[in-house]
Amino acid sequence: MTGGSQTTAAWLADELEAGRTTSVEVTQRHLDRIADVDGQVHAFLHVDAEGALEQAAASDARRADGAPRSALDGVPIAVKDVLATRGLPTTCGSKILEGWIPPYDATVVRRLREAGLPILGKTNMDEFAMGSSTEHSAYGPTRNPWDLDRIPGGSGGGSAAAVAAYEAPLAIGTDTGGSIRQPGAVTGTVGVKPTYGGVSRYGLVALANSLDQAGPVTRTVLDAALLHEVVGGHDPLDSTSIDQPVPALVDAVRQGATGDLSGVRIGVVTELGGEGYQAGVLTRFQESVDLMVKAGAEVVEVSCPSFVHALATYYLILPAEASSNLAKFDAMRYGLRVVPEGSPSAEDVMRATRDAGFGDEVKRRIILGTYALSSGYYDAYYGQAQKVRTLITRDFEAAFGQADVLVSPTAPTTAFKLGEKLDDPLAMYLNDLATIPANLSGVPGISVPSGLADEDGLPTGIQILAPTMADDRVYRVGAALEALLLDKWGAPLLDRATGLEGAP
Amino acid sequence: MPDTPPTAGGASISREQVAHLADLARIDLSDAELDHLAPQLSVILESIASIQGVAGDDIPPTSHPVPLTNVFRDDVVVPGLTPEEALSGAPEAEQQRFSVPRILGEEQ
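Residues numbered from 1 in each chain as written. Chains lettered and ligands numbered in written order. Predicted model: local features only at pLDDT ≥ 70, side-chain atom pairs only at ≥ 80, totals over all residues.

### Some details on the overall build of chain A
What counts here: Counting from the N terminus, the helices are DSSP H or I runs at least four residues long and the strands are E runs at least two residues long. Using C-alpha atoms as the atom set, the radius of gyration is obtained and then compared with a globule rule of 2.2 Å times the number of residues to the power 0.38. With C-beta atoms placed from the backbone, a residue counts as buried when 20 or more other C-beta atoms lie within 10 Å of its own, as exposed when 12 or fewer do, and as partly exposed for counts between those limits. A residue pair is marked as a contact if its C-beta atoms, positioned from the backbone, fall within 7 Å.
Check the secondary structure of chain A and you find 16 helices and 11 strands. Here chain A has a C-alpha radius of gyration of 21 Å; the compact-globule value for 504 residues is 23 Å, and the two agree. Reported as C-alpha extents along the three principal axes, the dimensions of chain A are approximately 70 × 55 × 45 Å. Each of the 504 residues in chain A was classed as buried or not, and the buried ones make up 65%. Summarising the internal contacts of chain A: among those between residues at least 6 apart in sequence, 77% fall at separations of at least 24.

### Some words on the overall build of chain B
Counting secondary structure elements, chain B contains three helices and two strands. When the helices and strands of chain B are placed in sequence order, the string is α-α-α-β-β.

### Describing the pairing of strand β6 (residues 214-218) of chain A
All names here are of chain A. We apply this condition: Only strands that DSSP links by at least two bridges are regarded as paired with each other.
Burial of β6 is extensive: five of the five residues sit out of reach of the surface. Sheet topology note: the strand β5 (residues 190-193)/β6 ladder contains two bridges and is antiparallel. Paired with V190 across the bridge in β6 is T218.

### Details of the interface of chain A and chain B
Rules: Here the nonpolar group is Ala, Val, Leu, Ile, Met, Phe, Trp, Tyr, Cys and Pro; Asp, Glu, Lys and Arg are the charged ones; every other residue, Gly included, is treated as polar.
Listed as interface residues are 58 residues of chain A and, on the opposing side, 48 residues of chain B. Every element with two or more residues in the side of chain A that touches chain B is listed here: α10 (310-325), α11 (346-357), α12 (360-372), α13 (379-402) and α14 (425-429) of chain A. In terms of residue class, the side of chain A that touches chain B is made up of 28 nonpolar, 18 polar and 12 charged.

### Remarks on the packing of helix α7 (residues 221-231) of chain A against helix α16 (residues 471-489) of chain A
Residue and element names in this part refer to chain A. Here is the rule: For helices, the fitted axis covers only the stretch in contact; all axes are lines through C-alpha atoms, and the angles between them, taken along N-to-C directions, range from 0 to 180 degrees. Here the word oblique covers every angle except those under 35 degrees (roughly parallel), over 145 (roughly antiparallel) and from 65 to 115 (roughly perpendicular).
Following both chains from N to C, one finds α7 and α16 inclined at 155 degrees, their axes separated by 9 Å at the closest point. Our classification of the angle between α7 and α16 gives roughly antiparallel. Only Y475, G478, A479 and E482 of α16 make contact with α7, whose side of the interface consists of V221, L222 and A225. A class-by-class count of the residues in the contact of α7 with α16 yields five nonpolar, one polar and one charged.

### A few points about the sheet that holds strand β1 (residues 44-47) of chain A
Residue and element names in this part refer to chain A. What the 11 strands build is an open sheet, ordered β1-β3-β2-β4-β6-β5-β10-β11-β9-β7-β8; its pairing is mixed. At either margin of the open sheet sits one strand with a lone partner, and together these are β1 and β8 (298-302). Strand after strand, the sheet turns through a mean of 25 degrees between neighbouring axes, direction not considered. Strand contacts of α16: β5, β9 (405-409), β10 (445-452) and β11 (459-465), with the helix running at about 10 degrees to β10, the strand carrying the most contacts.

### Considerations on the domain arrangement of chain A
Residues and elements named next belong to chain A. Test applied: All the domain ranges listed were derived from an automatic or database domain assignment.
When cut into domains, chain A gives domain 1 (9-307 + 389-496) and domain 2 (330-386). Its C-alpha centre places domain 1 at a distance of 30 Å from the equivalent point of domain 2. Counting residues at the interface gives 14 residues for domain 1 and 12 residues for domain 2. Residue composition of the side of domain 1 that touches domain 2, grouped by class: seven nonpolar, three polar and four charged.

### Quick word on α16(A)
Residues and elements named next belong to chain A. Keep this limit in mind: Given a helix with a known number of residues, its expected span is that number minus one, times 1.5 Å.
With 19 residues, α16 should reach 27 Å at 1.5 Å per residue; the first-to-last C-alpha distance of 27 Å fits that figure. With 14 of its 19 residues buried, α16 lies for the most part within the structure. Remark: G490 follows α16 within two positions and exhibits a positive phi of approximately 85 degrees.

### What about the confidence of the model for chain B?
Any region with low pLDDT has predicted coordinates that should not be read closely. Residues and elements named next belong to chain B. Where we set the bar: pLDDT measures how confident the predictor is about each residue, on a scale from 0 to 100.
Per-chain confidence: chain B averages 87 in pLDDT, with 88% of residues scoring 70 or above. Below pLDDT 50 for its whole length, residues 1-9 participates in 15 contacts with residues either more than four positions away or in separate chains. Interface confidence for the predicted complex, given as ipTM, is 0.90, next to a pTM of 0.96.

### Side note on the nonpolar core
To be explicit about the condition: Put simply, a nonpolar core is buried Ala, Val, Leu, Ile, Met, Phe, Trp, Tyr and Cys residues tied into one set by C-beta atoms within 7 Å.
With 180 residues, the main nonpolar core has I77(A), L83(A), L316(A) and V405(A) as its most contacted residues. Composition of this core by domain shows at least three residues from each of domain 1 (9-307 + 389-496) and domain 2 (330-386) of chain A.

### Observations concerning the packing of α12(A) against helix α2 (residues 31-48) of chain B
Definition in use: Working rule for handedness: look at the near helix, and if it is turned counterclockwise from the far one by less than a right angle, call the crossing left-handed; if clockwise, right-handed.
Put simply, α12(A) and α2(B) touch, their axes get as near as 11 Å, and they point 55 degrees apart. With respect to their mutual orientation, α12(A) and α2(B) come out oblique. Crossing angle aside, the handedness with which α12(A) passes α2(B) is right-handed. Contacts from K363(A), R364(A), I367(A) and L368(A) of α12(A) reach α2(B) at L37(B), Q40(B), L41(B) and I44(B). Here the contact of α12(A) with α2(B) is built from residues that sort into five nonpolar, one polar and two charged.

Dropping the structure here:
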């Protein structure tokens, strides 16, 4: 019952509302599924069976009283381990935070609790969200439910794999350069990066403040909209939070689900395709574009010339911000403390702790950021990156003058083999080629499954981007494409995942 | 990964530079780690060096995707963490305070 395409969050919410099941039943089924398959998948770093069942029982009591707190009251969820959860370990996939139990909830987590969603546990991730494969987790990689020898994407591979393996109907991810969308693409699931500032960052352990954004990880576009409406909106605790109402996302999905795209202008970005993209990814992408045209959309080709510099811009801005953010891991107030022999000073303790507590990728990026911010290099690198960021935003503005949404493949390839790019940072960085521009500019984006690549039978994704605060557009077009593809396939893509024994 | 020779544009990073940067970033890197990380950092740096000179002087920098200024909240007291909560993750605590190693070096 946890398996099978009918078990969407929206369907579970309907079953709960109609009294045909209980949150305790639903939550227990997902905990059982985790017990059955997570040994293979390793999507979770921590499972809170007791807490989740208590929250489920409380939800059932509310439903029995006719007072559910939200449409999703009682539908369980998994949370990426980068969000602070009061009373539950929060490690960010790092040894430096092993065993840390935050004394407070992130705003996203507080909103989940207030809406009555039982929290199943915390999901695996690349250390401090640095990576595209979840292999940089200090606690071992997550595996792709389509093929256990392959990566589930990253940094939020745990959240995507949990949802793809039916261990959770919903999950929260965070997206700094594609960490929600790229795992969605390679696991055949849906992921949304909201407009920057659309979802509070309070309690989200910062990788790069000006790029980070939390959002939904789900199996359907409707489920993403339902979850987005729960966690989105202004938060006074985050000074970068946008003080405007969240657009009507569920309504946008219902409009899109009719499959009619008449009058919608779809812009295909010249720079996000072609060389470097796997043939099967491009074939499925073109097929999706053709379907949207058949449904009434008008297609225009748009050029965003500065996008060719997006990767370099990102790998200056992100390490610069990360090296500053991670300075707080100083072995004094929380987290790991390693004390060298003799009579070490606080600084000696700091150095030893940071060497022992951080993994290779974190060290690489801290050093790169320290370099980019050094006097003498600042203008040539960081200052220049900030200017190119302006050019990228101008490209988006010009493109959105010609098109309502922009589309591209989400990731240039399907899931690669574990270990294949682990020690080749540049090859790893290229996975985020298509997703990074949205973070640099703050615009919202969704990744929707677009099929299986002919050459390897693995999932591919299409990315749909919209202007800042027009998140409803990515939901409308995403839902339309999802409906058109479902009609073509006859069943959800995930029904064809065969990586897990006895699944789904 | 092979060693990458320094390029003319200076878009390369030596083992000594990496050691210095690690020192600035308060990370004790072992010799083995320096051998491993320095060439990788050179490759990354070479690839991002292409950004130099892309934007002219007339282009304003962007620090933040959605610029906001003067974000204030009402000046009212709100509950905070208790001392016990604030200290709950401390490696060492004493008398409701964070207990830390000596803060001065031997030479100071």
